[in-house]
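Examining the three-dimensional arrangement
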Amino acid sequence: MGIWAYLQSRRMLERELARRLEQGASLLASRVPRSLIPLILPGGAAQARMREFLSEARLSCGADNALIVDAAGRVLADAEGSFGFLEMNPLLALDRYEMEEALGKGTARATSLYDGADGRSYMSAYAPLGMKGEKPGYLFMVEASADFLDEASALGRRMFAVSLLFLALGAAWCVFFAGSLLRPIQRLVAAAESVSLGRLDTRLPETPPNELGFLARAFNDMIGQMARHNDALLEALGGGLV
């Protein structure tokens, strides 16, 4: 159950990142100085001006890189200057579906998460670029790291551990005790199951003033900390991209 809650939380964060990347790529693509695209040559003024624009675009949306590529996946310019003119970006070969969707439908498309050469998780989005009155033949690409998923993974592992702990405690107490102890244990197990489903607003009554009350307070403190951590992750994600 804890693993299920973690996977649900991770999928939600991935969808939010994809939505924001697509939104950011579309907005920034509309600002690209398209008249420069046919003029881009290695080391030329048009390439320098485009690279300057891409650097500003990358910073404005908190991305790691921004590129202009043609329909074949060849790089015309990138913010980092790490690709030569018309150099093939090997990662783009894996994004043919998203590139063709963006070109064919005229809307931004985000990729799935993938691992970069540095071992970090990344996601890209493509927005079509076309000269006035022409079918889009170029793409604006923005690439962003998903480091927040490392924190989400850690949170997921903690949720899983907490679920196992409280389910095990509940089972042990139910085996050895009954009567007046059964109802608090049942509430504890139900609360653990609720947390495993992602409901971090779950709380237990902190009475009576005995071991069970202490356990309930410890449970509430731990889940409160998880909720604050999760809110901080979502707030960081919401503030990083346009």
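What counts and what doesn't
- Residues numbered from 1 in each chain as written.
- Predicted model: local features only at pLDDT ≥ 70, side-chain atom pairs only at ≥ 80, totals over all residues.
- Heavy atoms only, no water.
- Helix = DSSP H or I, 4+ residues; strand = E, 2+ residues; numbered from the N terminus.
- Core = buried A, V, L, I, M, F, W, Y, C linked by side-chain atoms within 4.5 Å.
- Buried < 20%, exposed > 50% of the residue type's maximum accessible area, 1.4 Å probe, protein only.
- Contact = heavy atoms within 4.5 Å.
- Expected span 1.5 Å × (residues − 1).
- pLDDT = per-residue confidence, 0-100.
- Phe/Tyr/Trp six-rings, centres within 6.5 Å; stacked < 30°, edge-to-face > 60°.
- Polar contact = N/O pair within 3.5 Å; in protein donor to acceptor, adjacent residues only side chain to side chain.
- Salt bridge = Lys/Arg side-chain N within 4 Å of Asp/Glu carboxyl O.
- Pairing = 2+ DSSP bridges.

Remarks on unusual backbone geometry
With phi around 65°, Leu86 is a residue other than glycine that occupies positive phi space. For Leu86, the location among the structural elements is in the loop between β2 (74-78) and β3 (87-88).

Quick word on the nonpolar core
Counting residues in hydrophobic clusters, the biggest one holds 32 residues, and the most contacted among them are Val32, Met50, Leu54, Ile68, Phe140 and Val142. Where this core is concerned, the elements lending two or more residues are α1 (2-29), α2 (45-61), β1 (65-70), β2, β6 (121-129) and β7 (138-145). If we skip the residues at most four places from it in the chain, Met50 touches Val32, Pro33, Leu36, Ile37, Ile40, Ile68 and Ala77.

Let's talk about the environment of Phe140
Structurally, Phe140 can be placed in strand β7. Counting along the chain gives 110 residues from Phe140 to Ser30, while the straight-line C-alpha distance between them is 9.5 Å.

Observations concerning α2
Between its first and last C-alpha, α2 extends 25 Å over 17 residues, near the 24 Å set by a 1.5 Å rise per residue. Following α2 by one or two positions, Gly62 has its phi on the positive side, about 70°.

A short note on the confidence of the model for the chain
For the chain, the average pLDDT comes to 77, and 71% of its residues sit at 70 or higher. When pLDDT is averaged over each element of the chain, strand β4 (residues 109-110) comes out on top at 93 and helix α4 (residues 148-176) at the bottom at 58.

What to know about helix α3 (residues 96-105)
Looking only at α3, the buried set comprises Glu98, Met99, Glu101, Ala102 and Leu103. Residues of α3 that are buried make contact with β1, β4, β6 and β7.

Quick notes on the packing of aromatic side chains
Under the definition given, this model contains one aromatic pair. Considering the side-chain rings of Tyr114 and Tyr122, the 6.3 Å spacing of their centres and the 20° angle between planes classify their relative orientation as stacked. Assessed through its relative accessible area of 8%, Tyr122 is described here as buried.

Observations concerning the side chain of Asn65
Looking at the secondary structure, you find Asn65 in strand β1. Judged by its relative accessible area of 3%, Asn65 is buried. A distance of 3.4 Å separates the side chain of Asn65 from the backbone nitrogen of Ala79, its partner in a polar contact. Of note is the side chain of Asn65, whose polar atom sits 3.4 Å from the backbone nitrogen of Glu80. Residues in contact with Asn65, not counting those within four places in the same chain, are Arg58, Asp78, Ala79, Glu80, Ser82, Phe83, Met141, Val142 and Glu143.

Overview of the pattern of salt bridges
Per the counting criterion, the structure on display carries four salt bridges. Between Glu80 and Arg58 there is a salt bridge, and its shortest N-O distance comes to 3.8 Å. Residue Glu80 is located in the loop between β2 and β3, and its partner Arg58 is located in helix α2; the two are separated by 22 residues in the primary sequence. Since its relative accessible area comes to 46%, Glu80 is described here as partly exposed.

Overview of the side chain of Asp70
Considering the arrangement of structural elements, one finds Asp70 in strand β1. Asp70 sits in the buried class, given a relative accessible area of 8%. Polar side-chain contacts of Asp70 include one of 2.7 Å to the side chain of Arg74. In this structure Asp70 touches Leu76, Leu86, Met99, Gly137 and Tyr138, once residues within four positions along its chain are discounted.

What to know about the pairing of β1
Within β1, six of the six residues are buried, leaving the element largely enclosed by the surrounding structure. What you see with β1 is no split at all: Asn65, Leu67 and Val69 on one side and Ala66, Ile68 and Asp70 on the other are buried throughout. Bridge count between β1 and β7: six bridges; the pairing is antiparallel. Bridging from a neighbouring strand, Leu67 pairs with Met141 of β7. Where β1 and β2 come together, three bridges link them in antiparallel fashion. Following the sheet pairing, Val69 is matched in β2 by Val75. Hairpin connection from β1 to β2: three residues lie between these consecutive antiparallel strands, with Gly73 at a positive phi of about 90°.

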